[in-house]
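These are the residues of each chain, in order.
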Amino acid sequence: MLQTILLVVMILIGLALTGVVLLQRSEGGALGMGGGGNSFMTARGAGNLLTKATWALGFLFALCAISLTIVGNMERGSSSILDAATVGSIDLDAAQTPAAEQPTAPAAPTGPSLDDLEASLPAAPAARPAGDEPAQ
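Here the structure is a predicted model, which is why all the values come from computation and not from measurement.

Student: What is the right way to look at helix H3 (residues 49-76) in this model?
Tutor: It helps to recall that an α-helix has 3.6 residues per turn; residues three or four apart then point in one direction. End to end, H3 covers 40 Å across 28 residues, agreeing with the expected 40 Å (1.5 Å per residue, within 8%). For H3, the complete set of buried residues consists of Thr51, Leu57, Cys64, Leu68, Val71 and Gly72.

The structure is reproduced here in structure tokens:
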């Protein structure tokens, strides 16, 4: 239940963060290298409402992601998906019998053998002697 709530909150924070970033004014430079007197790094630019909102939403997004990870691991506990899949398939009698005492059945053939392949090929023509080549 808590995991679902955190996931919904994280989606809403992500949408809000995207909106706030898109609302900000472009600085005019590629990858933040431009700007001028009123760039992001000045005290006046850092005090902007949208900048503060971006930092706050980014912090909340990271906090929500960490919380979601912690809650997900607490609900999972120490079980594994592999443990759940193999519980029903364990044969307790075979597990208690040592390997030397277990009867071994001959392995069934899994596919065609070489004998089957040779039997399916057409008969090859007889080889000619070395001195018996046709004249051209």
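Student: Whenever I open this one, the environment of leucine 50 confuses me. Can you help?
Tutor: Relative to the helices and strands, leucine 50 is located in helix H3. As for leucine 50 and valine 21, which are separated by 29 residues in sequence, their C-alpha atoms are 7.8 Å apart. Beyond its immediate stretch of four places on either side in the chain, leucine 50 contacts Val20, Leu23 and Gln24.

Student: How should I be thinking about the packing of helix H1 (residues 2-23) against H3 in this particular structure?
Tutor: For any two helices packed against each other, the geometry is given by the interaxial angle and the distance between the axes. Packing of H1 against H3 brings their axes to within 9 Å, and their N-to-C directions diverge by 160°. In terms of orientation, H1 and H3 fall into the roughly antiparallel class. Judged by the twist between their axes, the crossing of H1 over H3 is left-handed.

Student: What exactly am I supposed to notice about the nonpolar core here?
Tutor: Nonpolar side chains tend toward joint burial in soluble globular proteins. Membership of the largest hydrophobic core is limited to 5 residues, which are Leu6, Met10, Cys64, Leu68 and Val71. Of all the secondary structure elements, the ones that give two or more residues to this core are H1 and H3. At 3 residues, H3 tops the list of elements feeding residues into this core. Apart from residues no more than four positions distant in its own chain, leucine 6 is found in contact with Cys64, Ser67, Leu68 and Val71.

Student: Before we go on, may I ask you to explain H1 in this structure?
Tutor: Taking 1.5 Å as the rise per residue, H1 with 22 residues should run 32 Å; its terminal C-alpha atoms sit 31 Å apart, in good agreement. Buried within H1 we find Leu6, Met10, Ile13, Gly14 and Val20. Burial along H1 is one-sided: seen end-on, the buried residues are contained in an arc of 130°. Away from the buried face of H1 by more than 90 degrees, exposed residues Thr4, Leu12, Leu15, Leu22 and Leu23 are located.

Student: Could you clarify how one ought to interpret the confidence of the model for the protein in this entry?
Tutor: Close reading of the predicted structure is inappropriate where its pLDDT is low. For the protein, mean pLDDT is 73; residues scoring 70 or higher make up 51% of the total. At the low end of the mean pLDDT range in the protein sits helix H2 (residues 43-46), at 51; at the high end sits H1, at 92.

What counts, and where the lines are drawn
Position numbers for residues count from 1 along each chain, tracking the sequence in the order it is written. Whole-chain, interface and lining totals are the exception, using all residues; otherwise, since this is a predicted model, local features are given only for residues with pLDDT of at least 70 and side-chain atom pairs are given and counted only at 80 or more. Derived side-chain values reflect all non-hydrogen atoms in the structure, with water molecules and hydrogen atoms excluded from consideration. Helix and strand labels come from DSSP, where a helix needs a run of H or I of at least four residues and a strand needs a run of E of at least two; each type is numbered from the N terminus. Expected span, for any helix, means 1.5 Å times one less than how many residues it has. Buried means the residue's accessible area, taken with a 1.4 Å probe over protein chains only, is under 20% of the maximum for its type, while exposed means over 50%, and partly exposed covers the values in between. Residue contacts follow a heavy-atom distance rule, with two residues in contact if any of their heavy atoms lie within 4.5 Å. Fitted lines through C-alpha atoms give the axes, limited to the stretch in contact for helices. The angle between two N-to-C directions lies from 0 to 180 degrees. Just so you know how the angles are binned, under 35 degrees is roughly parallel, over 145 roughly antiparallel, 65 to 115 roughly perpendicular, and the rest oblique. Working rule for handedness: look at the near helix, and if it is turned counterclockwise from the far one by less than a right angle, call the crossing left-handed; if clockwise, right-handed. As used here, the term nonpolar core means buried Ala, Val, Leu, Ile, Met, Phe, Trp, Tyr and Cys residues forming a set that is joined through side-chain atoms within 4.5 Å. Working note: the arc is built from the helix axis to C-beta atom directions. Confidence scores per residue from the predictor, reported as pLDDT, run from 0 to 100.

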